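Residues per chain are reported as follows:
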Amino acid sequence: MKKRSSLILLVNSLAIISAFLIFQNKNISDRVIIAGATILPMSSDNAEIEAVLVDKGIIAAVGDLKELREANEDAEIIERAGQTILPGLIEPHTHPLASALLGATVDVSGFTHPNRISVISALKDAADGMGISPWLIAYGWDAAAVEDLERPSLEELDQISPERPMIILTQMMHEAYVNTAALSAVGIDPTDTNQTVHDGFVRNQNGTLNGTIREIDALGIMFEKIPPAPDSATELLLRLQYNKYAKAGYTSIGIPGVVGRHSDAIGLVKKVADRKASPLRSYLYLLKAQIKEMELGGSNDFKILGMKFWMDGSPYTGGAAVDAPYENNKFTIERLGIPANHKGTLNFSPADLQSMISDYHAKGYQIAAHVQGERAARSVIDAISKAQKDNPNPSLRHRLEHNALITDELLARAKNLNISVGFFVDHLTYYGDTLPKIFGDDRMARYMPVKSAFDKGLIVTLHGDHPSTPINPFRTLQTATTRQSRSGQSISGKDEKISIYQALQAMTINAAHQLGQGAEIGSIEIGKRADFTFLSADPLTMAPETLHTIEALETWKDGQPVDTSSINWKNIKLGFNTLIGILSR
Ligand SMILES: [Zn+2]
């Protein structure tokens, strides 16, 4: 096992070092003309452009190469023959700190493991090895993606890790499995049928606990007892995470809720995001508990836009608050543990929801609400409708997140209230084959109704909600246009496919509008910031099924190539053991 850890350490170190070298760009001059590539401006008139003049980080002119050249003889010409240039890609819903931290845990995901044997053996290996934390933390358990993944019993968890506290987080992070040592750490005796514990700790029929924990409040009780990683290690992981987004092609991210443990999570994101060499712009929505005296606003690299809350949970745990019950079958009841005739619950009473939304709306906070089921979307729309009526501020554009089962009628109401909608279409990539068992064919025909939302004229965006899925904008692009599952076996809601151009709009200009930054970023137009993503191919000329083969060759922010090798190691005080801990797991 020691040998294996050292090998993993070596391989990972090399991978990380080589990753630093990929975008090794030197700064270029302040005035450049970019030409030779196909340019997709994503502007409202979508005028054809042959070249772009960048002056001190701003797009100063666009148009004909010969004319730009004659008028700007001092500008350096940058040739990008064969490439395609988009405005910098924008990911409007992602969680960088959680991605950074969970990236350092034991991977038990369906992206890596084909079956239960493989998942359990990864856990057993990890229980024998070392890790970043005295707890064994695994992430990615996914009964909806790994076909034979029965829920673990407490006995099985105790066998895998008899003494070291172990927590296995599910992919969507709405459920976890813990062993007896972990329960003991929070003062719970699983055999005591009389002990008062939070509802989220699931009991067997005989009243003992079965090791399953559901939804955020109960998970929080557990998280509080897990010793945190050293702040310096977390900072390093977050910086590496920022580089990952940039390498994937993103130049801006929206963070609806900074989730992930750190003594000052917002301060850490600000530190990593708000510096000249940062590869990304970050736009934040704070959780209620994080909103203190913090002011809205910020710099060009780091801005606080509003607040985020969860109105319901995940479809895969019965958390989505739906109108008609989940399908009753072996898969939903036995595998996913969803009770028969279940409809999910709302996280707020109507009165509490109304007072929260009216309050933040009045203060000028943009509100981002997690809504998967119809009931969740309806409640939030009702509350926003009343808040806008009592205190009209139509330009304050609130957001609905994920929108698995939002209906036509609700989309129409959202449009009238100037609410934008973001879709987590990668559900269809990873769960397209199993979702019909959860919601049935009728509901699947309108699951994630992206085209309906476009047709109604809403501001529509697409997101990956990392770490819920691996970062890959081109997979998201492909899924929105094909709606095909990873296996190729299912196409969910074929009438809700959008065009490649619409998907690109969703990932650039629409995302900029959703974040309220449409005047600054999101298209290649005069006066906007010179943020670009250089692609290996022109998506508009490709078959939708092949879009995932596109590569991001380079990103630029403020007129300069992003350099992801620029981690300043001197500023990060990191113990050697911590570093080994991170690299080996
Ligand atoms: Zn999220």
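Residue positions are given per chain, counted from 1 along the sequence in the order it is written. It should be noted that, the model being predicted, local features are given only for residues of pLDDT at least 70 and side-chain atom pairs only at 80 or more, the latter also being counted only at that level, while totals for whole chains, interfaces and linings use all residues. Based on all heavy atoms of the structure, the side-chain values leave hydrogens and waters out of the count.

Draft legend 1. Expanded view of the overall build of the chain. Each helix is a run of H or I in the DSSP string that is no shorter than four residues. Each strand is a run of E no shorter than two, and both are numbered from the N terminus. Within the chain, the regular secondary structure consists of 20 helices and 24 strands. It is over C-alpha atoms that the radius of gyration is taken, and the globule rule equals 2.2 Å times the number of residues to the power 0.38. Over its C-alpha trace the chain gives a radius of gyration of 24 Å, about what one expects of a compact globule, namely 25 Å for 585 residues. The contact rule is simple, with two residues in contact once any of their heavy atoms fall within 4.5 Å. Within the chain, contacts between residues at least 6 apart in sequence are counted, and of these 74% link residues at least 24 apart. Carbon and sulfur atoms make up 51% of the accessible area of the chain, which amounts to about 23300 Å² in all. Exposure was quantified through the Shrake-Rupley algorithm and a 1.4 Å probe, taking into account, for residues, occlusion by the shown protein chains and nothing else.

Draft legend 2. Seen up close, the side chain of Arg443. Within the fold, Arg443 resides in helix H15 (residues 435–444). Excluding anything up to four places from it in sequence, Arg443 contacts Val322, Ala324, Pro325, Tyr326, Glu327, Glu374, Leu405 and Ile438.

Draft legend 3. Seen up close, the confidence of the model for the chain. With 91% of its residues at a pLDDT of at least 70, the chain reaches an overall mean of 90. pLDDT under 50 marks residues 1–24. Its contacts with residues more than four places away, or in other chains, come to 33 contacts. Predictor confidence is given residue by residue as pLDDT, running from a minimum of 0 to a maximum of 100. Contacts from residues 573–585, a stretch scored under 50 in pLDDT, to residues over four places away or in other chains number 28 contacts.

Draft legend 4. Inspection of the sheet that holds strand S3 (residues 51–55) at higher detail. Read from one edge to the other, the open sheet built from four strands follows the order S4-S3-S1-S5, with strand pairing classed as mixed. Looking along the sheet, the strands with just one partner apiece sit at the ends: strand S4 (58–63) and strand S5 (76–79). Strand-to-strand twist across the sheet, computed as the mean angle between neighbouring axes with direction ignored, equals 25 degrees. Here, any two strands with at least 2 DSSP bridges between them count as paired. To get an axis, fit a line to the C-alpha atoms, keeping to the stretch in contact for a helix; angles then go from 0 to 180 degrees between the N-to-C directions.

Draft legend 5. Focus on the packing of aromatic side chains. Aromatic pairing here means that ring centres of Phe, Tyr or Trp (its six-membered ring) are within 6.5 Å. Orientation follows from the plane angle: under 30 degrees is stacked, over 60 is edge-to-face, and everything else is tilted. For the structure shown, the criterion picks out 12 aromatic pairs. With 6.5 Å between their ring centres and 65 degrees between their planes, Tyr245 and Tyr250 make a pair best called edge-to-face. You'll find Tyr245 and Tyr250 in the same group, each marked buried. Here a set of aromatic residues connected by ring pairs shows up, and it is made of Tyr242, Tyr245 and Tyr250. By definition here, charges over rings are those cases where NZ of Lys or CZ of Arg is within 6 Å of the ring centre and within 35 degrees of the ring normal. Its guanidinium or amino end placed over the ring of Phe534, Arg80 lies 5.4 Å from that ring's centre, counting from NZ or CZ. A cation over an aromatic ring shows up here: Lys308 above the ring of Trp310, its NZ or CZ 3.9 Å from the ring centre. For every residue, the accessible area (1.4 Å probe, protein chains only) is compared with the maximum for its type, and the residue is labelled buried under 20%, exposed over 50%, or partly exposed between those bounds.

Draft legend 6. Here's a closer look at the pattern of salt bridges. Salt bridges, as used here, are contacts in which a Lys or Arg side-chain nitrogen is within 4 Å of a carboxyl oxygen on Asp or Glu. Using the criterion set out here, one finds 30 salt bridges in the structure. When the shortest N-O distance is used, the salt bridge between Glu327 and Arg443 registers 3.3 Å. Taken together, the residues Glu327 in the loop between strand S17 (302–310) and helix H10 (330–335) and Arg443 in helix H15 connect sequence positions 116 residues apart. The class of Glu327 is partly exposed, set by a relative accessible area of 31%.

Draft legend 7. Fine view of the nonpolar core. Phe309, Phe423 and Tyr447 are the most contacted members of the largest nonpolar core, which totals 100 residues. For this core, the element with the highest residue contribution is helix H12 (residues 374–390), accounting for seven residues. Excluding anything up to four places from it in sequence, Tyr447 contacts Pro315, Tyr316, Ala404, Leu405, His427, Leu428, Leu435, Phe439 and Arg483. Within the second largest apolar cluster, 24 residues are counted, among which are Trp135, Ile167, Val178 and Met222. Only buried residues count toward a nonpolar core, which is a set of Ala, Val, Leu, Ile, Met, Phe, Trp, Tyr and Cys residues joined through side-chain atoms within 4.5 Å.

Draft legend 8. Structural view of the coordination of the zinc ion. Keep in mind that water is not among the atoms, so a site may look incomplete; donors are the N, O and S atoms within 2.8 Å of the metal, or 3.2 Å for Na, K and Ca. Around the zinc ion, the donor atoms from the protein are His93 (NE2), His95 (NE2) and Asp465 (OD), and they sit 2.1 to 2.2 Å away. When the donor residues of the zinc ion are listed from N- to C-terminus, their spacing reads H-x1-H-x369-D. Taken together, the positions of His95 in the loop between strand S7 (89–91) and helix H3 (96–102) and Asp465 in the loop between strand S21 (460–462) and helix H17 (473–482) put the pair 370 residues apart, joining distant regions of the chain. Asp465 carries the same exposure label as His95, and that label is buried.

Draft legend 9. Quick peek at the pairing of strand S6 (residues 84–87). When strand S2 (residues 38–39) meets S6, the two strands line up parallel, connected through two bridges. Across the sheet, residue Ile39 finds its bridge partner in S6, namely Ile85. Pairing geometry for S6 and strand S22 (residues 532–535), over four bridges, is antiparallel. Note on S22: the bridge partner recorded for Ile85 is Phe534.

Draft legend 10. Empty space enclosed by the protein, seen in detail. Two kinds of site are reported from a 1 Å grid over the protein atoms alone, namely cavities, where a 1.4 Å probe fits but cannot get out, and pockets, open sets with protein on both sides within 12 Å along at least five of seven lines, and residues are called lining when an atom falls within 4 Å of a point. Grid points are joined across faces, edges and corners, and a volume is the space filled by probe spheres set on the points. Under the defined criterion, the tally for this structure stands at four cavities of 30 Å³ or more. Its volume calculated, the largest cavity comes out at about 150 Å³. In this structure, the largest cavity is lined by 16 residues; those nearest its centre are Trp141, Ala143, Thr170, Tyr316 and Thr317. What counts as a domain boundary in this text is fixed by an automatic or database domain assignment. Three or more residues apiece are contributed to the lining of the largest cavity by two domains, here domain 1 (105–223) and domain 2 (311–498).

Draft legend 11. Up close: the sheet that holds strand S24 (residues 560–561). Read across the open sheet, the five strands follow the order S2-S6-S22-S23-S24; overall the sheet is mixed. Looking at which strands have only one partner, the edges of the open sheet turn out to be S2 and S24. Pairing analysis gives two bridges linking strand S23 (residues 552–557) to S24, with the strands arranged antiparallel. The partner of Trp556 across the bridge, within S24, is Pro561.

Draft legend 12. Representation of the pairing of strand S18 (residues 366–371) in the model. Summarising burial for S18: six of the six residues are buried, a large majority. Strand direction decides the pairing type here: S17 and S18, joined by five bridges, are parallel. Paired with Trp310 across the strands is His370, a residue of S18. Relative to strand S19 (residues 399–402), S18 is paired through four bridges, and the arrangement is parallel. Its bridge partner being in S19, Ala368 is matched across the sheet by Arg399. Tracing the backbone out of S18, into H12 and back to the parallel element S19 gives a crossover that is right-handed. The handedness of a crossover follows from its direction of travel: if, with the strands pointing away from the viewer, the path from the first strand over the helix to the second runs clockwise, the crossover is right-handed.

Draft legend 13. Representation of unusual backbone geometry in the model. Backbone torsion omega between His466 and Pro467 reads 15 degrees, so that peptide bond is classified as cis. A positive phi is found at Asn46, a non-glycine position, where the angle reads about 50 degrees. Mapped onto the elements of the fold, Asn46 is located in the loop between S2 and S3. Within the chain, Arg483 stands out as a residue other than glycine whose phi angle is a positive 55 degrees.

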